[in-house]
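# Observations on the three-dimensional arrangement
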Amino acid sequence: MARRKKKHHTRKVSKPAKAHRNKVLNRDLDTAYNRFAGSRLHDVLIDLEELAKESDLAMGYLLALRTEIANRRAKRHKGDMRFQLYEQKLNYMNELISHCQMHNYRIERAETTDEAGPADVLFCYLPECEQISWHCSLGKLPLPESTEKWDEQKFSTLRKLENAIQRLFYPSAIQ
């Protein structure tokens, strides 16, 4: 008897479009390692870690930035490494959700319209930052439903975080 091929459900994102998205996200992350908020991404992470010891706001930005970095790094890997990075993203995201709830920063969920991939979108509104979001699976996590629509800014979470971090923590570096 002949083997039947697995049926793949229809995907709204074509493979070339997904490859392009991942290329853009990875390129932006590579650029950030060398130039981010008037410094370098690694230096900003170290600064935020130090500031987070005294500042709840810095901790929120640190967790959001770590979530985004893990998300983007996962897109360039396959297999076990990809799985580990998505697990890391999930851990940072759970910390971010708890942190936002504890400090009354707005955090909401919405169902995604994508047929493939995670079922939810997490919207986060840190003080002084535009809407940032991630596709994820939130399960039965009790979060309020989103009151706003997605702002339709593609590939923008890292840039939005950079702009807010620069304004809040590196104002003298703004030109």
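Given the structure is predicted, the values throughout are model-derived calculations rather than measurements.

Rules of the game
Residues numbered from 1 in each chain as written. Predicted model: local features only at pLDDT ≥ 70, side-chain atom pairs only at ≥ 80, totals over all residues. Heavy atoms only, no water. pLDDT = per-residue confidence, 0-100. Contact = heavy atoms within 4.5 Å. Buried < 20%, exposed > 50% of the residue type's maximum accessible area, 1.4 Å probe, protein only. Helix = DSSP H or I, 4+ residues; strand = E, 2+ residues; numbered from the N terminus. Pairing = 2+ DSSP bridges. Axes fitted to C-alpha atoms, helices over the stretch in contact; angles between N-to-C directions.

## Focus on the confidence of the model for the chain
When pLDDT is averaged along the chain, the result is 89; 90% of the residues meet or exceed 70. Overall, residues 6–11 carries pLDDT values under 50, and its contacts beyond four positions in sequence, including any with other chains, amount to 4 contacts.

## Section: the pairing of strand E3 (residues 132–136)
Side-chain direction in a regular strand flips from residue to residue, so the side chains alternate between the two faces of the sheet. In terms of burial, E3 is a largely internal element, 4 of the 5 residues being buried. As consecutive antiparallel partners, strand E2 (residues 120–125) and E3 are separated by 6 residues, and within that stretch Glu128 has a phi angle of approximately 70°, a positive value.

## What to know about the sheet that holds E3
Pairing within the open sheet is antiparallel, and its 3 strands lie in the order E1-E2-E3. Bordering the open sheet on either side are strand E1 (106–111) and E3, each of which pairs with just one other strand. Sheet twist, expressed as the average angle between the axes of neighbouring strands with direction ignored, equals 20°. Here E1 pairs with E2 via 6 bridges, running antiparallel. If you follow Ile107 over to E2, its bridge partner there is Cys124. Helix H4 (residues 79–102) rests against E1, E2 and E3 of the sheet, and its axis sits at about 130° to E3.

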